[in-house]
Amino acid sequence: MSTAPAYRIEDLAHRSGATVRTIRAYQDRGLLPRPERRGRANVYSDAHLARLHQIADLLDRGFTLASIKELLEAWDAGRGLGGVLGLVAEVDGPWSDEEAVRISRAELDERFGGSPDAAAVADAVELGVLEPVPGDEDSFLVPSPQELAVAVELHAAGVPLSAIAGHLRELRGQVEHIAARFLEFTTEYVFARYLDGPHRPTDAEAAEAASLVRRLRPLAQQTVDAELARAMRLLAVRHLRRHLGTDEVTPERSATRTVVLPEETMRAVEGLVGEERAAEFVALAAEREVRARGLDALTSRRVPPSDLGERG
C-alpha cells in the first residue's frame, strides 16, 4: 500500500521553487492551507505543492495576491477556476503568429552594415526589439523578426539607427492609444456583461468570453491594416503632389482629419447633444470659433478714415 508523499517545509520550498519565507507568508495570507501536525513536525502534502505551482502561475499571468486569494477561495468553494484561467490564458497568449528567433551579435552587426553600434543595441534592448539571453552575452532573442527586418530595410535605405529608434518610440505611443481605444470599445459593447457584474464570471461565461476574444483578436489588426493602407495612399499622394508642384491638378479627395480629444470632453459633449451628434457638434463649435477669430482679426486691422468729420 503506497503512502502519500510528505514534505518538510524545506523540501516543499525546494520542489516548488518558493522560499521558506514565501511559503509562510502565503500561509499567513490564507493562500496556502496550514500543514498537518505529526508529532513535533509540520508536514506538507502534494496538495500544498500543487497550490504553490498554481499561485506561481497566476503571479506570472499578472494577478495580485489579493485577486489570487479570491480565485482560490472560489476554487475551494467548488465554483471552479477552469473558465477564468482559460480566459486569462486566451488574453495573455500570443497576439501574433510570429515566433521569436535567436540572433548572434555578429549576425546582428552584419545585418546592419557590419559595424558594431553599442548605443543602437542598447536602444533596441530598451524597446524590446532585442532581449538579452541569460548566460550568453553574444546572443539576443528577437520577439518580432518582422520588426527587426523593417529596421534593417530602413537602415539600408539610409535611415540612421537613432532615428529608427526614435520613430519606434513615437509610433509605439500612438499604437498603444489605438489599442486602448479598441479595448474600451469592445469592453463597453461586448465584454461588459462578463466583467461588470457583482461576481466573477462563471466557468460557462468565462469560456464564452474566451471564445469571443479568439474571434475578435484579429479584428483590431485587420482594421488598423486597412486604415493604415488608406491613410498611407492618401498622404503619400498628397506629399508627392506637393513636392512636384501639382496640388492644383487634382483636388484632395478627403475633407476630414482625425483629432484626439480628452475623454471627459467627449462625454460632456455627448451629454449635451447625444453620442450620434457629438462629432457634428465638435466640428460646428470649432468652425464657429475659427470664424469668430477671423472676424476679430479683420476688425482689429481696420484703419478708420483719416478725414472723417474734418472739413476742408
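Parameters at a glance
Residues numbered from 1 in each chain as written. Predicted model: local features only at pLDDT ≥ 70, side-chain atom pairs only at ≥ 80, totals over all residues. Heavy atoms only, no water. Helix = DSSP H or I, 4+ residues; strand = E, 2+ residues; numbered from the N terminus. Buried < 20%, exposed > 50% of the residue type's maximum accessible area, 1.4 Å probe, protein only. Contact = heavy atoms within 4.5 Å. Areas by Shrake-Rupley, 256 points an atom, 1.4 Å probe, with all protein chains shown as cover. Salt bridge = Lys/Arg side-chain N within 4 Å of Asp/Glu carboxyl O. Expected span 1.5 Å × (residues − 1). Arc of directions from axis to C-beta. Axes fitted to C-alpha atoms, helices over the stretch in contact; angles between N-to-C directions. Parallel < 35°, antiparallel > 145°, perpendicular 65-115°, else oblique. Nonpolar A, V, L, I, M, F, W, Y, C, P; charged D, E, K, R; others polar. Pairing = 2+ DSSP bridges. Phe/Tyr/Trp six-rings, centres within 6.5 Å; stacked < 30°, edge-to-face > 60°. Polar contact = N/O pair within 3.5 Å; in protein donor to acceptor, adjacent residues only side chain to side chain. pLDDT = per-residue confidence, 0-100.

Draft legend 1. Broad picture of the overall build of the chain. The number of helices and strands found in the chain is 12 helices and 5 strands. Within the chain, the fraction of its 312 residues that count as buried is 23%. Within the chain, residue pairs in contact and separated by at least 24 positions form 55% of the contacts whose partners lie at least 6 positions apart. Of the accessible surface of the chain, which amounts to about 22700 Å², a share of 56% is contributed by carbon and sulfur atoms.

Draft legend 2. The pattern of salt bridges, seen in detail. Within the structure shown, the criterion is met by 10 salt bridges. Here Arg34 and Asp28 are joined by a salt bridge, their closest N and O atoms 3.4 Å apart. Its relative accessible area of 54% is what places Arg34 among the exposed residues. By relative accessible area, Asp28 is classed as exposed at 60%. For Glu227, the salt bridge identified is with Arg230, shortest N-O distance 3.1 Å. Within this pair, Glu227 and its partner Arg230 are both found in helix 10 (residues 203-244), separated by 3 residues, close to a single helical turn. Of the residues examined, Glu227 reaches a relative accessible area of 42% and is grouped as partly exposed. Judged by relative accessible area, Arg230 falls into the partly exposed class, the value being 45%.

Draft legend 3. Focus on helix 8 (residues 145-156). With 12 residues, helix 8 should reach 16 Å at 1.5 Å per residue; the first-to-last C-alpha distance of 16 Å fits that figure. Those residues of helix 8 that sit buried are Leu148, Ala151 and Val152. Axial view of helix 8: buried residues confined to an arc of 100°, hence all on one face. Facing away from the buried side of helix 8 by more than 90 degrees, the exposed set consists of Gln146 and Glu153. Two residues or fewer past helix 8, Gly158 is found with a positive phi of approximately 110°.

Draft legend 4. Summary view of the packing of helix 1 (residues 9-16) against helix 2 (residues 20-29). Between helix 1 and helix 2, the least distance of the axes is 9 Å, while the angle of their chain directions is 100°. Here helix 1 is positioned roughly perpendicular relative to helix 2, judged by the angle of their axes. Side by side, helix 1 and helix 2 meet where Ile9, Glu10, Leu12, Ala13 and Ser16 of the first sit next to Val20, Ile23 and Arg24 of the second. Along the lines of polarity and charge, the residues of the contact of helix 1 with helix 2 split into 5 nonpolar, 1 polar and 2 charged.

Draft legend 5. Spotlight on the sheet that holds strand 3 (residues 101-104). The strand order 3-5-4 describes an open sheet built from 3 strands, whose pairing is antiparallel. Single-partner strands in this sheet number two, and they are strand 3 and strand 4 (131-133). Neighbour to neighbour, the strand axes of the sheet diverge by 40° on average, direction disregarded. Bridge count between strand 3 and strand 5 (residues 136-142): 4 bridges; the pairing is antiparallel. Across the sheet, residue Ile103 finds its bridge partner in strand 5, namely Phe140.

Draft legend 6. Here's a closer look at the packing of aromatic side chains. Counted according to the given criterion, the structure contains 1 aromatic pair. Look at Phe185 and Tyr189: their rings are 5.3 Å apart centre to centre, the planes differ by 50°, and that puts the pair in the tilted class. In this pair, Phe185 and Tyr189 both sit in helix 9 (residues 161-195), 4 residues apart, roughly one turn of the helix.

Draft legend 7. Region of interest: the side chain of Ser139. Tracing the backbone through its elements, the reader meets Ser139 in strand 5. Within the structure, Ser139 has its side chain in polar contact with the side chain of Asp136 (distance 2.9 Å). The residues contacting Ser139, other than those within four sequence positions of it, are Arg102, Ile103, Ser104, Pro132 and Val133.

Draft legend 8. Local environment of the environment of Ser144. Following the sequence through the fold, Ser144 ends up in the loop between strand 5 and helix 8. Here the alpha-carbon distance between Ser144 and Gly128, two residues 16 residues apart in the chain, equals 9.2 Å. Here Glu98 takes part through its side chain, which lies 2.7 Å from a polar atom of the side chain of Ser144.

Draft legend 9. Structural context of the confidence of the model for the chain. Residue-level pLDDT values for the chain average 80, and 79% of them are 70 or greater. Confidence drops under pLDDT 50 across residues 249-253; counting only partners more than four residues distant or on other chains, this segment forms 4 contacts. Note that pLDDT drops below 50 for residues 305-312; the model gives that stretch 0 contacts with residues more than four away or on any other chain.

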